[in-house]
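Secondary and tertiary structure notes
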Amino acid sequence: MTPTSTQTSTSTSTSTSTSSPTDAVPKARFDAIPLLLVVVLALAALPLIGSMSSWATLTIAGLAMGLIVFVIASGLTLVFGLMDVLNFGHGVFIALGAFVATTVMGPMNTYGGFVSSPSLTVNLAAVAVAALAGIVSAAALGLVFERVLVRPVYGMHLKQILITMGGMIIGEELIKLVWGAQMIPLQPPESLRGALVLGDVAVEKFRLLAVVVGLAVFIGLLWLLNRTKLGLLIRAGVQDREMVESLGYRIRRLFVAVFVAGSGLAGLGGVLWGLYQQSVIPQIGAQVNTLIFIVIIIGGLGSTLGCFVGALLVGLMANYCGFLAPKVALFSNIGLMVAVLLWRPQGLYPVGHR
């Protein structure tokens, strides 16, 4: 072996031993600033409201509203983030879930007294059955929606917007055909009505349930996408579909499952929103659609964490402005969106591959 080759091999082994995988792939730092915005907004509202009890009541109500909006918007975020589909017909899944809940909870109260029972366990079971029915019905509609309307326009955003908006209009008319065009009441069960009074702070019981459900959905989505093989395959399929298919995985079926799951989450959100509003109308999905897109734009298109933070900001802003200046509340969330986009044009947590 010549001295030159000896020196080359020595330098190669030295560089190999000094380098490590952690050095080659730097770890991305977590950006906590958007999360701190929620705290900053809440603290900034305290001196304006003045009363600590009123501030606490409004804050809890705003967080509960934000988590309900997150459940509704998370399905659309999931579909857009993983499938790159702009589904402007998302509202029809919300409306269907809410109307199915009215159909399910009515007979449960008439024949079994599940809604009017004073038992919390019985009431939670009634809400769970209604939520499950809303999820299943919205997921089934999502399967049809994907096969008939969305599949022919993959990769064509303008056509996706037009055809999904048309699908939502048709869906609303079909809902009117089945349930009628009039408002239908959707009262929470007996033990979830009213408020818990903790000192001077009043917290509505149903809002506490909404907080629990919203946090469970958020944690479940993060776990599924980041800690499971299914989530890894879906994210890999988004980045390089042909490579994943060459390994024997059927990405099309995974994407259809994502669309169905997003539709089911919209159905769950529709049930929660209907109980939150205590009434349901055929236009409920179209009314919430604007709020959903504001949340998604604030958070960053396709970001689950961004959707979560954006929903909390929107919920707090709506409640604070509704208390301090009701007229300003009509466009407060649009102002919030503009302010965030001036600071971060791609949203709070932009998805890297977009």
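Computed from a predicted structure; not experimentally measured. (Residues numbered from 1 in each chain as written. Predicted model: local features only at pLDDT ≥ 70, side-chain atom pairs only at ≥ 80, totals over all residues. Heavy atoms only, no water.)

Describing the overall build of the chain
Secondary structure assignment for the chain yields 14 helices and 4 strands. Residue pairs at least 24 apart in sequence account for 78% of intrachain contacts in the chain once pairs closer than 6 positions are excluded. (Helix = DSSP H or I, 4+ residues; strand = E, 2+ residues; numbered from the N terminus. Contact = heavy atoms within 4.5 Å.)

Overview of the environment of Leu 96
As for its placement among the helices and strands, Leu 96 is situated in helix α5 (residues 90-112). With 172 residues separating them in the primary sequence, Leu 96 and Leu 268 have C-alpha atoms 9.8 Å apart. Apart from residues lying up to four places away in sequence, Leu 96 is in contact with Ser 137, Ala 138, Leu 141, Ile 175 and Trp 179.

Considerations on the confidence of the model for the chain
The predicted coordinates should not be examined in detail at positions where pLDDT is low. Scored by pLDDT, the chain has a mean of 85; 90% of the residues are at 70 or more. A low-confidence stretch, residues 3-25 (pLDDT under 50), is modelled with 2 contacts involving residues beyond four sequence positions or located in other chains. (pLDDT = per-residue confidence, 0-100.)

Structural notes on the environment of Leu 120
Mapping Leu 120 onto the fold places it in helix α6 (residues 120-150). By relative accessible area, which is 44% here, Leu 120 ends up partly exposed. C-alpha of Leu 120 to C-alpha of Glu 190: the two residues are 70 residues apart in sequence and 8.2 Å apart in space. Setting aside its immediate chain neighbours within four residues, Leu 120 contacts Ser 191 and Leu 192. (Buried < 20%, exposed > 50% of the residue type's maximum accessible area, 1.4 Å probe, protein only.)

Structural notes on the packing of aromatic side chains
Summed over all chains, the structure comprises 10 aromatic pairs. Ring geometry for Phe 30 against Tyr 349: centres 6.1 Å apart, planes inclined by 20°, an arrangement best described as stacked. With Phe 30 in the loop between α2 (21-24) and α3 (33-49) and Tyr 349 in the segment after α14 (332-343), this residue pair connects regions lying 319 residues apart in the sequence. Note on Phe 70 and Phe 218: the rings are 5.7 Å apart at their centroids and 80° apart in plane angle, and the pair reads as edge-to-face. Here Phe 218 lies in helix α8 (residues 205-227) and Phe 70 lies in helix α4 (residues 52-83), a separation of 148 residues in the sequence. Here Phe 70 and Phe 218 have matching classes, each one buried. (Phe/Tyr/Trp six-rings, centres within 6.5 Å; stacked < 30°, edge-to-face > 60°.)

A closer look at the nonpolar core
With 101 residues, the main nonpolar core has Trp 273 and Tyr 320 as its most contacted residues. No other element matches α4, which puts 17 residues into this core. The contacts of Tyr 320, once residues within four sequence positions are left out, are Leu 41, Ala 42, Ala 45, Ile 49, Trp 55, Leu 58 and Thr 59. (Core = buried A, V, L, I, M, F, W, Y, C linked by side-chain atoms within 4.5 Å.)

Section: helix α12 (residues 284-299)
Taking 1.5 Å of rise per residue, 16 residues should cover 22 Å, and α12 covers 23 Å from first to last C-alpha, within 8% of that figure. Within α12, the axis deviates most sharply at Thr 290, by approximately 25°. Most of α12 is tucked away: 12 of the 16 residues are buried. Among the residues making up α12, those that are buried are Ile 284, Gly 285, Val 288, Asn 289, Leu 291, Ile 292, Phe 293, Ile 294, Val 295, Ile 296, Ile 298 and Gly 299. Two residues or fewer past α12, Gly 300 is found with a positive phi of approximately 110°. (Expected span 1.5 Å × (residues − 1). Bend = angle between axes of the 7 residues up to and from the residue.)

Focus on the pairing of strand β3 (residues 201-204)
Burial along β3 is one-sided: Val 201 and Val 203 are buried, and none of Ala 202 and Glu 204, which face the opposite way, are. In the sheet, strand β2 (residues 195-198) pairs with β3 via 4 bridges, with the strands oriented antiparallel. For Ala 195, the partnering residue across the bridge sits in β3 and is Glu 204. Where β2 hands over to β3, the hairpin turn is made up of 2 residues, of which Gly 199 adopts a positive phi near 70°. (Pairing = 2+ DSSP bridges.)

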